[in-house]
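Examination of the molecular architecture
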Amino acid sequence: MDLVSVDIGGTHARFAIASVAADGSITLGEPETLHTVDHASFQTAWEDFRERKGGTLPPRVSMAIAGPVGGDVIRFTNNPWIIRPALVKEKLGVEHYTIVNDFEAVAHAVARAGEDQFLHLTGPKGPLPATGRLSVLGPGTGLGVAHLYREADGSYRVSATEGGHIDFAPLDSIEDAILARLRKRHTRVSTERVVSGPAIVDIYQTLAAMENRAVPEVDDIEIWTKGMSGEDSLAAAAVDRFCLSLGSVAGDMALAHGAKGVVIAGGLGYRLRDTLLQSGFAERFRAKGRFETMMASLPVKLIVLPQPGLFGAAAAYASEHGIT
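Read on for an overview of the structure. Nothing here was measured: the structure is a model prediction, and the numbers come from that model. (Residues numbered from 1 in each chain as written. Predicted model: local features only at pLDDT ≥ 70, side-chain atom pairs only at ≥ 80, totals over all residues. Heavy atoms only, no water.)

Listed as buried for helix α4 (residues 173–183) are E175, I178, L179 and L182. For α4, the angular spread of buried residues about the axis comes to 100°, placing them on one side. Each element contacted by the buried residues of α4 is listed here: α5 (200–210), α7 (233–257) and α10 (281–286). Its side-chain oxygen placed 3.2 Å from the backbone nitrogen of I174, D172 serves as the N-cap of α4. (Buried < 20%, exposed > 50% of the residue type's maximum accessible area, 1.4 Å probe, protein only. Helix = DSSP H or I, 4+ residues; strand = E, 2+ residues; numbered from the N terminus. Arc of directions from axis to C-beta. Contact = heavy atoms within 4.5 Å. Polar contact = N/O pair within 3.5 Å; in protein donor to acceptor, adjacent residues only side chain to side chain.)

Its place among the elements puts T27 in strand β3 (residues 26–28). Judged by its relative accessible area of 52%, T27 falls in the exposed class. Taking C-alpha positions, T27 is 9.5 Å from D2, a pair spaced 25 residues apart along the chain. In contact with T27, not counting residues within four places along its chain, are I17, A18 and S19.

With that settled, consider the nonpolar core. Of all hydrophobic cores here, the largest spans 44 residues; its most connected members are L137, I200, F242 and I264. For this core, the elements supplying multiple residues, two or more each, are β11 (143–150), α4, α5, α6 (220–229), α7, β13 (261–264), α10 and β14 (300–303). Looking at this core element by element, the count peaks at 11 residues for α7. The residues contacting F242, other than those within four sequence positions of it, are P139, V194, V195, S196, I200, I203, W224, L268 and L272. (Core = buried A, V, L, I, M, F, W, Y, C linked by side-chain atoms within 4.5 Å.)

Before going further, it helps to examine the side chain of K288. Along the chain, the position of K288 falls in the loop between α10 and α11 (292–296). The class for K288 is buried, based on a relative accessible area of 15%. In this structure the side chain of K288 is engaged in a polar contact, spanning 2.9 Å, whose partner is the backbone oxygen of S248. For K288, the residues in contact, after removing those within four places along its chain, are S248, G251, D252, L255 and M295.

We now examine the pattern of salt bridges. Applying the stated rule across the entire model yields 14 salt bridges. Residue R284 pairs with D172 through a salt bridge whose shortest N-O separation is 3.3 Å. Here R284 is found in helix α10, whereas its partner D172 is found in the loop between β12 (156–160) and α4, with 112 residues between them in sequence. Residues joined in a network through salt bridges with shared partners are D172, E175, R241 and R284. (Salt bridge = Lys/Arg side-chain N within 4 Å of Asp/Glu carboxyl O.)

Our focus in this paragraph is a nonpolar patch on the surface. The grouping of L255, F291 and M294 at the surface amounts to a nonpolar patch, some 250 Å² of accessible area in total. Tracing the chain through its elements places M294 in helix α11. Given a relative accessible area of 39%, M294 falls into the partly exposed group. (Patch = residues over 30% accessible without salt bridge, like charges linked within 9 Å, V, L, I, M, F, W, Y side chains within 5 Å. Areas by Shrake-Rupley, 256 points an atom, 1.4 Å probe, with all protein chains shown as cover.)

Let's shift gears to the packing of aromatic side chains. Inspection of the entire model under this criterion finds five aromatic pairs. With 4.9 Å between their ring centres and 20° between their planes, F15 and F49 make a pair best called stacked. Here F49 lies in helix α1 (residues 42–52) and F15 lies in strand β2 (residues 12–20), a separation of 34 residues in the sequence. Note on accessibility: F15 and F49 belong to one class, buried. Pairwise contacts between aromatic rings join F15, F42, W46, F49 and W81 into one cluster. (Phe/Tyr/Trp six-rings, centres within 6.5 Å; stacked < 30°, edge-to-face > 60°.)

Next up, the structure:
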C-alpha cells in the first residue's frame, strides 16, 4: 500500500511516497523538500509536489504537523498555513488521511526504528528500554516534545504534547541574562525561545552584550554555521550554551514524563550530534539535584534514522489503520 507522507514544519514541508507492507514495514521514496514561504497554503504545496510526481498521487496521505492537531481548524505554530481536516479529502483528492503532531510522528519512528538507528549520547549503553515510557524531543524551528509508551507485548502508544512551551528555567547567570533579554519582547518566555534553531540569535546577542562587544545583526543560519565550524569563537560559545540548555530541558522532560529513557530528534539535533558529545549536554541532563543519580541511570540517544518525521507519519498511518 502506498501513501503520501508529509512532514510540515515552520520552515520546510517535506513530502515522500511511502510504501507500507502487510507486516507494517515501511519504505520511503526520495523526499522532496519545499519551503513553506514559497507557497500560500498547504494545498498549493501539495499541488507542487503532485506536479513533480507526474500529476498523480496515491489516494492516501499522512501529515505530521508542527503544532496542535485537534479541532476544526489546524493552525501551525511557526508558519501561517491552516488546514481544515473536514476538507482534506475534497481539497487533496484523497480517500483516507491521518493527521498527527510532528513529534507524535517522530515518536512513532522511534518505536519502529532499529537499534542501529540510534547514537548513544549519555547514560547506560545498550538498547533503549523495551517497556515503559520514553521522552522524545528535538529542536528545529520550534521545540517538539512527545512521549512513547512501550507495552510488554511489543505494542506501543504515543502521546503528543506541547512541552516546548513550558516556562524556561535558567540555571546560571548567563541563562539569567538570556531570559532578561527575551523578557523585553515576551511577557512569558517559553523553553522554545531558548532551545530552538532561531533561538541561537538571542543567545549570541546576549553573550556579545555581556562582553560589551558590538556585533552585526546576523541570522541564525550564519551563527550556526560559524559556531559549528569554529570560525567565530563567540558563535561557538553560543552553540555550546545551546547544548547546555538542551541538556537541561531534556532532563526536565524526563522528570515530568517519568521516562525510562530519552531520545533527541529533529534536523538540528542530528546536525549537532558530534557537538553534543563534546559539550556539557550530559552534565546538564544529570544536574537535577537530589535526582542526579536517577538521571544518570537513564539512557539518552539521538535518532539518526533519515527523515524520521516522514517515516513516523507513515508509521502513524499504519498504526491508525490497523497495519501492524
